[in-house]
Amino acid sequence: MVFQMGKTLVIAEKPSVGRDLAGALDGVFQRRKLDDIKPKRGKKKAEEETAEEVVEKATSKPKSTRTARDEAVFLESDDIVITWAVGHLVQLAEPEEYDEKWKKWRMADLPIVPPNGFKLVPRDARAKKQLKLIETLLKREDIDDVINACDAGREGELIFAYVYESVFGESATSPDAPLPVQRLWISSMTKQAIREGFEKLRPGTQMNSLELAARSRSEADWLVGMNATRAATIRGRAWVGGVVSLGRVQTPTLGMIVKREREIQAFVPEPYRLVHATFQPPYQGIWFEDDETRIFGDLERADRIVAKVSGQDGTVEKVERKEQSERAPLLYDLTSLQRDANRRYGFSARRTLQAAQSLYEGKKAITYPRTSSRFLSGDMVPQLKPTAGTLEPIADYRKSAEYVLALDQLPLQRVVNDAKVDDHHAIIPTDVEHDVESFTPDERRVFDLVARRFLAVFHPPARYARTTVITAVEEERFRTRGKITLEAGWRSVYGVEPDHERQSEDGETEGGEIPALQEGQTVRCIAAEIEDRMTKPPPRYTEATLLSAMETAGKLIDDEELREAMKNSGLGTPATRAETIEVLIRREYIERVGKDLQATPKGIQVITMLEENKLTSPELTGDWEHKLAEIEDGRGDRKKFMNGIAEFTKETVDQIAALDKEKLRPERVELGPCPRCGAVTGEIIRENSKAYGCTSWKSREETGCGFVIWKRVASRTLTPEIARQLIEERRTREVLSGFRSRNGKPFRARLVLNDEDKIEFEFPVRAQTKEPAATE
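Residues numbered from 1 in each chain as written. Predicted model: local features only at pLDDT ≥ 70, side-chain atom pairs only at ≥ 80, totals over all residues. Heavy atoms only, no water.

Visitor: Summarise unusual backbone geometry; cite the residues concerned and give the values.
Guide: Cis geometry is adopted by the peptide bond preceding Pro111, which originates at Leu110 and carries an omega value of 0 degrees. Locating Pro111 in the fold gives a position in the loop between strand E5 (90–92) and strand E6 (120–122). In the segment running from Gln280 into Pro281, the intervening peptide bond is cis, with an omega of 5 degrees. In this structure, Pro281 sits in the loop between strand E10 (271–280) and strand E11 (283–288). We note that Lys364 has phi near 55 degrees; this positive angle belongs to a residue other than glycine. With respect to the helices, strands and loops of the structure, Lys364 is situated in the loop between helix H10 (349–361) and helix H11 (384–391). Its identity as a non-glycine residue notwithstanding, Ala714 has a phi of 50 degrees, on the positive side. Among the residues examined, Ala714 registers a relative accessible area of 26% and is labelled partly exposed. (Helix = DSSP H or I, 4+ residues; strand = E, 2+ residues; numbered from the N terminus. Buried < 20%, exposed > 50% of the residue type's maximum accessible area, 1.4 Å probe, protein only.)

Encoded structure:
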């Protein structure tokens, strides 16, 4: 890139990116401080250092008590100045910044809508100091233009837009902006990608639609979240307890989890029976009628079927053989990567994102992870084989990489699609050497998913032979299904993976190879047996299934292609869904129970309070996300969208204000006999606002037997189910997360009720390996 006569100011999103930019660009960079800046061009000569030394000092913790971020530092060469924003420096002002009376939460003041547009304020004192540095640099006489090098996405655009507006009072994408702005837009942090990005800078005005969408999202979240939270807290604080936090994305997500929890609680198990038969020549079948294998109601019918067919000859009525193929899954976007990491490794969405972000920024091993695309652009085709070549030296990928490199022509039909690549392409490995030994265990697992998926898409479909056999014995029919792999295809990339048997409530599985049978052949039923079962409630959401539901606004869609068509109408974006889940956990609306996400009584109470409100609707929020995507594409009307948000906010406040107080009263659970005195007195354990205690307690003077389990333990709320486990089993079944020590550090532990009925912590034993204990 050829810079102008004056200097170019580059604003990155964080110090680590500043290091990468300085290390990739030509010139010797010097480390400087705010105090060094002079209004004229003449500057004090600083000691020359390499870019790596510069940023190492800029981002390492100094010996003093001040952190590196408190030091307003920047990097400077002969023609470039680099600084950073350290995430969001600026945020939308709180209501009291507009009017002091809004500091007090009163229903009469709602909805609050800033009368003359939204104000921007620094997030905190540290942000204010860094903002002062950026303002001073922007107003330096020798700065001729600015490059926005914040994260290449909606949030990165917003970070820069808010900083620029805070300094100049105008949008960075305006044609009349005081300093011209160019946009660095890259999907990889390798030196080559950075240099190419600087050669292909985009005009700032080209990002106007993206900025408008980012502002619309931020302002909509402020209007809906702040007003709904204040209204719900005023109305329901006494019953829900504390602040009732609501939000445009978090509330419908909570609504889906609560809906599932209610389905589970309302579920009544029903007994049924299955009949299995074993035939000679050896194969097995399951009884069915009208495609139903389960016998409900008249359970004795199973006994009659067993007696009827046992030891009898039968006939093979039908043998159907089909060859089927299974194409490789599409490349990863962030949501599909998070789903797979949760299914395979139990990673939370946030844990996966942290590892992916580290692989992108620190190790330069994968491309930009916060993407919503599962395709590549056409201009990337020449680098696909070199990328596969970087995986060849790694033993785990050598064979698959060699196959890809040997192809005369890569199969690109489901890989390259320019129409489905907007800001960023799918996540793939970068085309640099990968030192996998330097990766953390989490990084290694996430990189493994990305690398194998990249290689798999260039392999042929897996081919199977599926056989279905219908056997009739005494007018009763049995079905047998078998599946054998003819060609592993893309599945070979993942090693020898047995096909997991799929078994559902109908009891039917796909076995392996079936003996060669002919239609009309006589066989004998040598044994028949009954299996007793109970119907099961729908499963709770895991992070993998919740991410899928968020992606499609609650609609159950398994097909990848259909899911692609819906992804602009989901709840939130790939970059924000992990944080939405974490917010719900921090608010104690949901909790992790093993791999499941379970609604807490508090979360259920919040949704009960809002039962008829559209704020709990995934479809409505999905529609908003679709409109934000249209604004981003330049097809949507920002003013119309914000007017609709303001109208919805007023409607929500009015509905909450009109709620019947009796409806808000929470149900208090009873947990059975008191373990200390119940056998003698008949007293029980009953929930109150602060604890689960024995009903023998009447007052401070009449304390009864004194048995109590407090709801708050180490900053975590104990649900009725946890209290029940402590009472009945004296310990929790699972290791629980969400606890905090006195100095604020999070920890996980199992709770144990000791001999004195006091709660103690039992900490999980860490395996003596390099694999760390999960912190999620």
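Visitor: Pulling in residues and values, what's your account of the sheet that holds strand E12 (residues 313–326)?
Guide: Strand order around the closed barrel formed by six strands is E10-E11-E14-E13-E12-E15, with antiparallel pairing between neighbours. Strand-to-strand, the axes of this sheet are offset by a mean angle of 35 degrees, without reference to chain direction. Strand direction decides the pairing type here: E10 and E11, joined by four bridges, are antiparallel. The residue of E11 that forms the bridge with Ala277 is Gly285. (Pairing = 2+ DSSP bridges. Axes fitted to C-alpha atoms, helices over the stretch in contact; angles between N-to-C directions.)

Visitor: Requested: an account of the pairing of strand E3 (residues 73–76), with residues and values cited.
Guide: By the alternation rule, side chains of E3 split into Val73 and Leu75 and Phe74 and Glu76, which are all buried. Relative to E3, strand E2 (residues 30–33) is paired through four bridges, and the arrangement is antiparallel. By the bridge assignment, Arg31 is partnered in E3 with Leu75. Pairing analysis gives two bridges linking E3 to strand E4 (residues 80–84), with the strands arranged antiparallel. Bridge pairing links Glu76 to Val81 in E4. Connecting the antiparallel pair E3 and E4 is a turn made up of three residues.

Visitor: Report on the sheet that holds E4, specifying residues and quantitative values.
Guide: With respect to topology, seven strands assemble into an open sheet ordered E2-E3-E4-E1-E7-E8-E9, the strand pairing being mixed. The open sheet has two free edges, formed respectively by E2 and strand E9 (202–203), since each of these has just one partner strand. Strand direction decides the pairing type here: strand E8 (residues 181–183) and E9, joined by two bridges, are antiparallel. Paired with Arg183 across the two strands is Arg202, which belongs to E9.

Visitor: Please give an account of the confidence of the model for the protein that cites residues and values.
Guide: Summarising the model, the protein shows a mean pLDDT of 87, and 89% of its residues fall at 70 or more. Per-residue pLDDT stays below 50 along residues 39–70; that stretch engages in 54 contacts with residues further than four places along the chain or on separate chains. (pLDDT = per-residue confidence, 0-100. Contact = heavy atoms within 4.5 Å.)

Visitor: Describe helix H18 (residues 618–632), listing the residues and the values that go with them.
Guide: An α-helix turns once per 3.6 residues; consequently, residues spaced three or four apart project the same way. Taking 1.5 Å per residue as the helical rise, H18 with its 15 residues ought to reach 21 Å, and the 21 Å between its terminal C-alpha atoms agrees with that figure. Within the span of H18, buried status applies to Pro618, Thr621, Gly622, Trp624, Glu625, Leu628, Ala629 and Ile631. One or two positions beyond H18, positive phi appears at Gly634, with a value near 85 degrees. (Expected span 1.5 Å × (residues − 1).)

Visitor: How would you explain a nonpolar patch on the surface if you had to name every residue and give the values?
Guide: Among the surface-exposed residues, Trp105, Ile234 and Val243 lie close enough to one another that they form a single nonpolar patch of about 230 Å² accessible area. Structurally, Ile234 is set in helix H6 (residues 208–240). Classification of Ile234 by relative accessible area gives partly exposed; the value is 34%. (Patch = residues over 30% accessible without salt bridge, like charges linked within 9 Å, V, L, I, M, F, W, Y side chains within 5 Å. Areas by Shrake-Rupley, 256 points an atom, 1.4 Å probe, with all protein chains shown as cover. Salt bridge = Lys/Arg side-chain N within 4 Å of Asp/Glu carboxyl O.)

Visitor: So, the side chain of His434: which residues are in play, and what are the values?
Guide: Tracing the chain through its elements places His434 in the loop between helix H12 (398–406) and helix H13 (441–456). In terms of polar contacts, His434 uses its side chain to reach the side chain of Thr390, at 3.3 Å. Here Val432 takes part through its backbone oxygen, which lies 3.1 Å from a polar atom of the side chain of His434. Filtering out sequence-adjacent residues up to four positions away, His434 remains in contact with Ala365, Thr390, Leu391, Ile394, Pro429 and Phe447. (Polar contact = N/O pair within 3.5 Å; in protein donor to acceptor, adjacent residues only side chain to side chain.)

Visitor: Would you mind going over the packing of helix H3 (residues 125–138) against helix H4 (residues 154–168) in detail, with residue names and values included?
Guide: Following both chains from N to C, one finds H3 and H4 inclined at 65 degrees, their axes separated by 10 Å at the closest point. Accordingly, the angle class assigned to the pair H3 and H4 is roughly perpendicular. At the point where H3 passes H4, the crossing takes the right-handed sense. Across the interface between the two elements, Leu131, Ile134, Glu135 and Leu138 from H3 touch Val163, Ser166, Val167 and Phe168 from H4. In terms of residue class, the contact of H3 with H4 is built from six nonpolar, one polar and one charged. (Parallel < 35°, antiparallel > 145°, perpendicular 65-115°, else oblique. Left-handed = near helix turned anticlockwise from the far one by under 90°. Nonpolar A, V, L, I, M, F, W, Y, C, P; charged D, E, K, R; others polar.)

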